[in-house]
Amino acid sequence: MDHDELQAWLRLTLSRGVGNAAARLLLARFGLPQAIFEQSEAALLECVTPAQAKALRAIPPTLADLVETTWEWLQDAPEPGAAARTLLTLGDVGYPRILLNTDDPPLLLYLMGPAARLSSEQPLGERPCLAVVGSRNPTAQGAEHARQFARALQGAGLTIVSGLALGVDAAAHEGALESADLEEDHPATIAVVGTGLDRVYPAANRALAHRIARQGLLVSEYPLGTPPLAPNFPKRNRIISGLSQGTLVVEAALASGSLITARLAAEQGREVFAIPGSIHSPQSRGCHALIRQGAKLVESAQDVLEELSLPAAATSSAAASGPQGLGREHSRQDSPLLQALGYDPMGLDTLLARTGMDAAGLQVQLLELELAGNVARLPGGLFQRVGMA
């Protein structure tokens, strides 16, 4: 993309009152943005309202500064090991087709990630993707479920898509990165953010965002410098669901923004999955509502893979039964400690009494089972068995 083309695309996105739908009409009628701005007002009125035509004929006051900022951002050669940057337009060959086929694809996608992945011949979104979303304030078990499911499903060949929010989003990104292969051309995880890519929100996830930029991919439709404005976050959810074959909701209250993503996924014709939880937990009520509405109840990573009907090459034994899998079978399921633990939260003292183990040996086995995804560590020093009986 040259400087003039960049200016035309940014001018189109900045034209007051001209949204994505009107912009797509103009592009379909006149071609590239440069051609749109060469049209007379009468020609523009064939596609848009008088107010929109007037806005298109005016030059936005912030255009010049944004063009130079964006041009410099794209041209700056990153330091060795740093993330590369690119900008995809709606007309680019590399624009993700799965997103292009949704009702409201963004005109521009700002990308930041490893240079090898940004220059790959296989466009973004060609590898199967799964959105993993949920509460910003999950229970300890909910956060662990997000991490373990993401790790298993990424290991089975899926790219994990989420929104870089606190809670379930962050846990899902982290789980995907844990099983990432740095030599792959495909990102292990994609973070779709609601700000410009020159900002990180929330600040608490700054280190995670930098890891994703090195090992995954950061995506935004918003111009550089865009602050964390509240309306932008629900809007970006259509990209999270739109890039993905399905959306997995881990934990969500009834008023959770994750339910917006699930609704958008259903409207886009994608699968919706939900993990059930305690009937006493407010963070489970959104998932239970989704299940009542037809979402697929999920107990294992294999449930997701089977529902998506992924090719055999995309699945792996790890997703069904390996130590990262949360599957129905596991080599440790006959562990005496798991049998003693059961599915109710339990403290160390009770476990010591039930098993007759010494404290050091018990702690080691609990850690192994926790890392394997069979045990969740809860607040208050409690442990609980997870997975199938």
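The notes below deal with the structure included here. (Residues numbered from 1 in each chain as written. Predicted model: local features only at pLDDT ≥ 70, side-chain atom pairs only at ≥ 80, totals over all residues. Heavy atoms only, no water.)

### Re the overall build of the protein
Part 1 of the argument: The helix and strand tally for the protein stands at 19 helices and twelve strands.
Part 2 of the argument: A total of 389 residues make up the protein; the buried ones form 53% of that total.
Part 3 of the argument: The long-range fraction of contacts in the protein, counting pairs at least 24 apart against all pairs at least 6 apart in sequence, stands at 72%.
Part 4 of the argument: Summed over all atoms, the accessible surface of the protein reaches about 17100 Å², with 52% contributed by carbon and sulfur. (Helix = DSSP H or I, 4+ residues; strand = E, 2+ residues; numbered from the N terminus. Buried < 20%, exposed > 50% of the residue type's maximum accessible area, 1.4 Å probe, protein only. Contact = heavy atoms within 4.5 Å. Areas by Shrake-Rupley, 256 points an atom, 1.4 Å probe, with all protein chains shown as cover.)

### Side note on the packing of helix H12 (residues 232–242) against helix H13 (residues 258–267)
Part 1 of the argument: The N-to-C vectors of H12 and H13 enclose an angle of 50°; their axes lie 9 Å apart at closest approach. Classified by the angle their axes make, H12 and H13 are oblique. Along this stretch, H12 crosses H13, giving a crossing that reads as right-handed. Listed contacts from H13 to Pro234, Asn237, Arg238, Ile240 and Ser241 of H12 are Ile260, Thr261, Leu264 and Ala265.
Part 2 of the argument: Residues belonging to the contact of H12 with H13 are distributed by class as follows: five nonpolar, three polar and one charged. (Axes fitted to C-alpha atoms, helices over the stretch in contact; angles between N-to-C directions. Parallel < 35°, antiparallel > 145°, perpendicular 65-115°, else oblique. Left-handed = near helix turned anticlockwise from the far one by under 90°. Nonpolar A, V, L, I, M, F, W, Y, C, P; charged D, E, K, R; others polar.)

### Things to note about the sheet that holds strand S2 (residues 108–113)
Part 1 of the argument: Across the sheet, nine strands lie side by side as S1-S2-S6-S5-S4-S3-S7-S8-S9; this open sheet has mixed pairing. Since the sheet does not close on itself, it has two edges, and those belong to strand S1 (84–89) and strand S9 (296–297), each with one partner.
Part 2 of the argument: Helix H11 (residues 206–215) rests against S2, strand S5 (189–192) and strand S6 (217–220) of the sheet, and its axis sits at about 105° to S6. (Pairing = 2+ DSSP bridges.)

### What to know about the packing of helix H9 (residues 140–155) against helix H15 (residues 301–308)
Part 1 of the argument: Where H9 contacts H15, the axes come no closer than 9 Å and their chain directions differ by 45°. Compared by their axis directions, H9 and H15 come out oblique. For the element pair H9 and H15, the recorded crossing hand is right-handed. Judged by residue contacts, Phe149, Ala152 and Leu153 of H9 engage Ala301, Val304 and Leu305 from H15.
Part 2 of the argument: Tallied by class, residues from the contact of H9 with H15 come to six nonpolar, no polar and no charged.

### Points about the nonpolar core
Part 1 of the argument: Judged by nonpolar contacts, the single largest core of 68 residues is most densely connected at Leu12, Leu26 and Ile190.
Part 2 of the argument: If we skip the residues at most four places from it in the chain, isoleucine 190 touches Leu124, Cys129, Thr159, Ile160, Val161, Ser162, His173, Leu217, Val219 and Leu243.
Part 3 of the argument: With 24 residues, the next largest nonpolar core counts Phe149, Ala176, Leu248 and Ala301 among its residues. (Core = buried A, V, L, I, M, F, W, Y, C linked by side-chain atoms within 4.5 Å.)

### Digging into the pattern of salt bridges
Part 1 of the argument: Following the criterion strictly, the structure yields ten salt bridges and no others.
Part 2 of the argument: In this structure, the salt-bridge partner of arginine 238 is glutamate 221, at a minimum N-O distance of 2.7 Å. Within this pair, whereas arginine 238 is found in helix H12, its partner glutamate 221 is found in the loop between S6 and H12, the two being separated by 17 residues in sequence. For the pair arginine 238 and glutamate 221, one class covers both residues: buried. (Salt bridge = Lys/Arg side-chain N within 4 Å of Asp/Glu carboxyl O.)

### Comments concerning helix H10 (residues 168–178)
Part 1 of the argument: With nine of its eleven residues buried, H10 lies for the most part within the structure.
Part 2 of the argument: Listed as buried for H10 are Val168, Asp169, Ala170, Ala171, Ala172, His173, Gly175, Ala176 and Leu177.

### With respect to the sheet that holds strand S10 (residues 346–347)
Part 1 of the argument: With respect to topology, three strands assemble into an open sheet ordered S10-S12-S11, the strand pairing being antiparallel. Each edge of the sheet is formed by a strand with only one pairing partner; in this case those strands are S10 and strand S11 (375–378).
Part 2 of the argument: For S10 and strand S12 (residues 382–385), the ladder comprises two bridges, and the chain directions are antiparallel. Bridge pairing in S12 links glycine 347 to leucine 382.

### Let's talk about the pairing of S2
Part 1 of the argument: Counting buried residues along S2, six of its six residues qualify, which places the element largely inside the surrounding structure.
Part 2 of the argument: Residues Leu108, Tyr110 and Met112 point to one face of S2 and Leu109, Leu111 and Gly113 to the other, with burial holding for every one of them.
Part 3 of the argument: Relative to S2, S1 runs antiparallel, the two being bridged by six bridges. Bridging from a neighbouring strand, threonine 86 pairs with leucine 111 of S2.
Part 4 of the argument: Both S2 and S6 contribute to a ladder of three bridges, which runs antiparallel. Bridge pairing in S6 links leucine 111 to valine 219.

### Comments concerning the pairing of S6
Part 1 of the argument: What you see with S6 is no split at all: Leu217 and Val219 on one side and Leu218 and Ser220 on the other are buried throughout.
Part 2 of the argument: Two elements, S5 and S6, share three bridges in a ladder whose sense is parallel. Residue pairing in the sheet places alanine 191 in a bridge with leucine 218 of S6.

Geometry only, nothing functional implied.
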